[in-house]
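Fold and contact review
Letter by letter, the chains look like this.
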Amino acid sequence: MIAKALGTMLTGIALAAIAAAPAVAQQKASVKVGFVTFLSGPASGPFGVPARIAAEAIVESLNAGKAPAPYQIKGIGGLPIELVVIDEAGGATKQVSEYRTLVQRQDVDIVIGYIGSGDCLAIAPVAEELKKLTVLLDCGTPRVFEEGSYKYLFRTRPHATMDAVAATMYLLDNRPAVKRIAGINQNYAYGQDSWNDFEATIQVMKPGVDIVTSQMPKFGAGQYGSEISALHSANADVVHSSLWGGDLEAFMLQAQPRDLFKKSVLVLVAGEPYLHRLPGKIPDGTIVGARGTNGVFAPDSPLKRWLVETYKGKSGGVDPNYPAYSTAQAFLGVKAAWERAAAKKVGSAIPMGAAKNVKEEMEKAYQPPTQEEVIAAFEKSTFDTPSGKVHMTLGKGHQAVTGTAYGTTRLENGVVKVGNIKYYDADRVTPPEGVSSLDWIRSGFKR
Amino acid sequence: MKLDRTSFAILAMGAILLIAGPALPSWMVSMLNVSLCYGTVVLGMMLLMRNGIVSFGHGLYFCLGAYAAGLLDQMLKMPDMLLMVGAAVVVTGVVSAILGLLLAKYRDIFFAMLSLAFSMILYGLLVKTASLGSTDGFNVAAKTVAGFAVAPESQRLMVYSLAVVFATVSAFFLHSYLASHQGRLAGAIKDNELRVEYMGASVMRAVHRNYVISAVLAGIGGALMAVNIGHIDPEMTYWPQSGEFVFVAILSGTGSVFAPLGGALVFEAIRSFAYEYSPNTWQMVLGITMLLVMIFLPGGLWSLFTRKREG
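Residues numbered from 1 in each chain as written. Chains lettered and ligands numbered in written order. Predicted model: local features only at pLDDT ≥ 70, side-chain atom pairs only at ≥ 80, totals over all residues. Heavy atoms only, no water.

Turning our eyes to something else, we now look at the overall build of chain A. Helix and strand counts for chain A stand at 16 helices and 15 strands. Computed over its C-alpha atoms, the radius of gyration of chain A comes to 24 Å, within 12% of the 22 Å expected for a compact globule of 447 residues. If you line up chain A on its principal axes, its C-alpha atoms span 80 × 75 × 45 Å. Buried positions account for 60% of the 447 residues belonging to chain A. Residue pairs in contact within chain A that sit at least 24 positions apart in sequence constitute 69% of those at least 6 positions apart. Here chain A has roughly 17100 Å² of accessible surface; of this, 54% comes from carbon and sulfur atoms. With 47 positive and 43 negative side-chain charges, chain A shows a separation of 1 Å between the mean positions of the two kinds. (Helix = DSSP H or I, 4+ residues; strand = E, 2+ residues; numbered from the N terminus. Rg over C-alpha atoms; globule rule 2.2 N^0.38 Å. Buried < 20%, exposed > 50% of the residue type's maximum accessible area, 1.4 Å probe, protein only. Contact = heavy atoms within 4.5 Å. Areas by Shrake-Rupley, 256 points an atom, 1.4 Å probe, with all protein chains shown as cover. Lys, Arg positive; Asp, Glu negative; His and termini not counted. Charge placed at Lys NZ, Arg CZ, Asp CG, Glu CD.)

Looking only at helices and strands, chain B has 13 helices and four strands in total. At 19 Å, chain B has a C-alpha radius of gyration in line with the 19 Å of a compact globule built from 311 residues. Taking the principal axes of the C-alpha coordinates as reference, chain B spans close to 55 × 50 × 45 Å. Once local pairs closer than 6 in sequence are excluded, the contacts in chain B between residues at least 24 apart make up 80%. Looking at chain B as shown, the accessible area adds up to about 13100 Å², and 71% of this sits on carbon and sulfur atoms. One way to put it: in chain B the 18 positive side-chain charges average out to a point 10 Å from where the 15 negative ones average out.

Attention shifts here to the side chain of A:Thr161. Mapped onto the elements of the fold, A:Thr161 is located in helix α6 (residues 161-174). Looking at A:Thr161, the relative accessible area reads 0%, which means it is buried.

Another aspect to go through is the packing of helix α11 (residues 302-315) of chain A against helix α12 (residues 322-347) of chain A. Residue and element names in this part refer to chain A. Contact pair α11 / α12: the axes reach a minimum separation of 11 Å and the direction vectors enclose 115 degrees. By crossing handedness, the relation of α11 to α12 is classed as right-handed. Contacts from Leu303, Lys304, Trp306, Leu307, Val308 and Tyr311 of α11 reach α12 at Ala324, Tyr325, Ala328 and Leu332. In the contact of α11 with α12, the residues fall into nine nonpolar, no polar and one charged. (Axes fitted to C-alpha atoms, helices over the stretch in contact; angles between N-to-C directions. Left-handed = near helix turned anticlockwise from the far one by under 90°. Nonpolar A, V, L, I, M, F, W, Y, C, P; charged D, E, K, R; others polar.)

Right, let's get into the layout of surface pockets. Looking at the second largest pocket, its volume works out to about 1200 Å³. Where the lining of the second largest pocket is concerned, the elements lending two or more residues are α3 (92-105), α4 (117-130) and α5 (143-147) of chain A together with α2 (26-50), α3 (59-74), β1 (138-139), α6 (155-179) and α9 (203-229) of chain B. It is α4(A) that contributes the most residues to the lining of the second largest pocket, seven residues altogether. Looking at the lining of the second largest pocket residue by residue, the class counts come to 20 nonpolar, ten polar and ten charged. (1 Å grid on protein atoms, 1.4 Å probe; cavity = no way out; pocket = protein on both sides within 12 Å on 5 of 7 lines; lining within 4 Å. Points joined across faces, edges and corners; volume = space filled by probe spheres on them.)

With that settled, the discussion passes to the packing of aromatic side chains. Counted by the stated rule, this structure contains 30 aromatic pairs over all chains. Relative to B:Tyr238, the ring of B:Tyr123 lies with its centre 4.3 Å away and its plane at 20 degrees, an arrangement referred to as stacked. Placement of the pair is B:Tyr123 in helix α5 (residues 108-128) and B:Tyr238 in the loop between β4 (231-232) and α10 (239-252), with a sequence separation of 115 residues. Residue B:Tyr123 is classed as buried on the basis of its relative accessible area, which comes to 17%. B:Tyr238 sits in the partly exposed class, given a relative accessible area of 26%. Each ring, one from B:Phe273 and one from B:Tyr277, has its centre 6.2 Å from the other, and the planes form 5 degrees; the classification is stacked. One end of the pair, B:Phe273, and the other, B:Tyr277, are both in helix α11 (residues 258-277), four residues apart, so they sit about a helical turn from each other. One aromatic cluster in this structure is built from A:Phe47, A:Tyr188, A:Tyr190, A:Phe219, A:Trp244 and A:Tyr322. Over the face of the ring belonging to B:Trp27 we find A:Arg105, whose NZ or CZ atom lies 4.8 Å from the ring centre. Taking the ring centre of B:Phe273 as reference, the NZ or CZ of A:Arg105 above it sits at 3.8 Å. (Phe/Tyr/Trp six-rings, centres within 6.5 Å; stacked < 30°, edge-to-face > 60°. Lys NZ or Arg CZ within 6 Å of the ring centre and 35° of its normal.)

Looking now at the domain arrangement of chain A. Residues and elements named next belong to chain A. Under the domain assignment, chain A is made up of domain 1 (30-159 + 300-351 + 358-400) and domain 2 (161-290 + 403-442). One C-alpha centre belongs to domain 1, the other to domain 2; they are set 30 Å apart. Each partner contributes to the interface: domain 1 provides 17 residues, whereas domain 2 provides 19 residues. For the interface between domain 1 and domain 2, the tally reads zero salt bridges. Our enumeration of links across domain 1 and domain 2 arrives at five residue pairs in polar contact (both at pLDDT 80 or more). (Domains from an automatic or database assignment. Salt bridge = Lys/Arg side-chain N within 4 Å of Asp/Glu carboxyl O. Polar contact = N/O pair within 3.5 Å; in protein donor to acceptor, adjacent residues only side chain to side chain.)

A few words on α6(B). End to end, α6(B) covers 36 Å across 25 residues, agreeing with the expected 36 Å (1.5 Å per residue, within 8%). For α6(B), a buried count of 18 out of 25 residues is recorded, marking the element as mostly surrounded by other parts of the structure. (Expected span 1.5 Å × (residues − 1).)

It is worth spelling out the pairing of strand β12 (residues 388-394) of chain A at this point. Remember that side chains alternate between the two faces of the sheet whenever the strand is regular. Residues and elements named next belong to chain A. Sheet topology note: the strand β11 (residues 382-385)/β12 ladder contains four bridges and is antiparallel. Considered in β12, the bridge of Thr385 is made with Gly388. Note that β12 and strand β13 (residues 399-401) share three bridges and pair antiparallel. Looking at β13, one finds that Leu394 is bridged to Gln399. (Pairing = 2+ DSSP bridges.)

Written as structure tokens, this is what we have:
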């Protein structure tokens with residue numbers, strides 16, 4: 001009986017292996033992109049699903065050749081993009097298994113994705129092991145390229161340190177008299193990092209400032225009564241918060257009737273994705289950022305108008321938020337690198353005047369670039385995106401830096417508007433190569 | 001010792017999986033590897049379920065085993081696969097021996113909740129420990145086996161082979177334990193604890209022993225998983241992870257030590273293909289599978305094989 005069961009099991013394995021074996025390699029007809037984002041769980045609403053909508057809209061538009069210059073070539077390098085979307089929910093263990101599945105069973109050419117910092121850290125060494133071009137989408141932790149060095153891994157959005165640095169600069173520019181600082185952040189890696197960066201920055205920039213309280217409710221707490229009381233009695237000038245999603249909405253709903261924000265200015269480092277959901281609940285004068293020059297902070301350009309238009313076509317009229325801009329950065333970064341690599345190949349092919357093998361050489365030059373060639377063109381590159389120029393300068397040319405911006409909200413006719421926008425160059429808010437974020441802040445922002 | 005048929009089949013399975021390893025496509029090796037790690041944990045769950053006890057907190061030992069392995073690499077700079085598994089056995093053995101003194105007195109929902117509470121205490125501690133990466137966790141890389149360096153290109157196969165060996169040895173040991181005098185007490189405890197006491201055996205001691213064995217199995221599974229995935233985080237002791245072990249244990253059934261290993265593979269395969277073919281509703285696919293198994297196969301997937309024999 002057991003031998004039979006064993007036999008059944010092994011036959012099953014063998015059959016599945018045959019069924020799933022990839023088809024014999026053929027002429028490349030498309031670029032298969034594995035796209036990983038939260039489709040379920042708390043991060044799906046504010047981040048995951050906007051990223052998926054953006055990916056689908058962008059791929060459709062690129063495949064139709066409708067994107068503005070310099071991205072008017074169809075798909076990627078003329079090849080249509082085939083999108084495979086999978087869910088990021090389930091934790092790092094499952095994500096590593098699914099990453100292997102994407103690369104080894106589904107045979108994708110490129111993986112773009114990951115919003116959770118833990119997932120990004122876990123995927124990094126696996127991408128390197130499987131030698132697959134992988135672009136991290138939206139995670140913020142600086143640890144990825146500060147703790148490791150990678151060949152196949154890229155991140156086309158800046159890391160989260162600049163959020164804290166720019167927030168502090170904006171705060172001190174607009175309210176130089178602040179004395180008492182408080183914070184409310186979720187007790188998990190992103191919330192802790194966010195607060196630690198902010199606390200360190202403000203202590204360097206304005207020594208003698210009082211850190212009156214740091215509230216660390218657990219992730220997904222939902223009830224903030226005691227935290228709001230603590231913030232109230234702390235009499236802070238400023239409340240710093242990196243809350244997001246349902247937690248942020250719940251906190252705002254509970255803090256508003258208790259007049260917390262009559263006393264204290266609220267700084268929401270990642271407040272931008274919620275502006276359309278919080279009119280009436282977000283007090284005038286709240287300082288908000290979008291983790292880069294995304295969304296309302298993106299300077300007007302044909303690329304920005306293109307993203308807003310294609311995104312709205314898929315989202316039922318809702319404006320793209322910063323995860324959508326991150327998605328555009330990842331796709332356009334890959335496309336730019338691929339097409340540069342292809343152009344270089346043609347450019348360096350043997351001239352028409354050569355005596356022999358002209359046809360073969362030219363055919364070879366017009367083949368899609370190899371992964372290695374794309375990576376070489378991607379490293380240290382600069383490309384245009386809806387949020388402005390992205391420079392791949394950190395992490396040996398694998399980690400992007402961009403400028404960022406902060407602004408102040410006010411309610412106008414039931415719509416949250418952001419005014420008094422100030423821009424900060426990448427050099428002012430990002431550590432230089434080879435220096436960890438916290439060391440850089442503590443050194444007094446040495447370059 | 002005379003081998004019975006099941007023991008022989010376990011060893012045969014181990015040998016076949018070892019030999020087949022290099023020939024299988026790499027995604028399948030990964031899937032088998034994850035299932036073997038899970039399967040080893042669920043072996044322990046099965047042992048507890050034979051006592052009529054369900055633990056909703058076995059993530060505690062899964063996570064402790066993984067962190068024991070990870071810290072060996074991170075703090076002591078000893079990235080050796082065998083040492084990592086050894087460390088996991090020691091840590092989970094000691095912790096479960098202590099917690100077991102309390103837990104062995106409880107049954108049913110009280111045992112389930114208390115075990116859940118302990119696993120969530122560890123979760124809370126790890127989340128507050130910024131030096132270990134809080135919820136982001138940290139990466140684990142095993143570079144040697146028993147002191148011998150492993151070439152990077154054969155690393156995956158080595159990790160897989162190690163999982164095969166440990167899962168086989170665990171299943172073999174558990175099978176002979178279940179067949180022994182001590183092991184057979186489990187069924188008796190489930191049926192009627194009072195009678196067991198009257199027969200002169202200590203229920204408390206038997207439950208405690210089984211709890212420690214199941215914890216050590218979870219620890220081995222955790223260490224193997226840490227080496228296999230290359231990253232650990234507190235999610236390993238969060239309640240959904242423990243719930244998943246219960247899920248796989250119920251899906252598999254408790255009929256044989258093959259059930260948890262096979263059940264873990266079925267679970268992994270369904271989950272993986274559901275991620276691929278229905279990315280928006282993969283949770284529902286798993287839920288429906290569970291419902292169907294509970295309605296039509298209350299004894300778990302393993303009852304498919306036993307029914308045939310009876311018929």
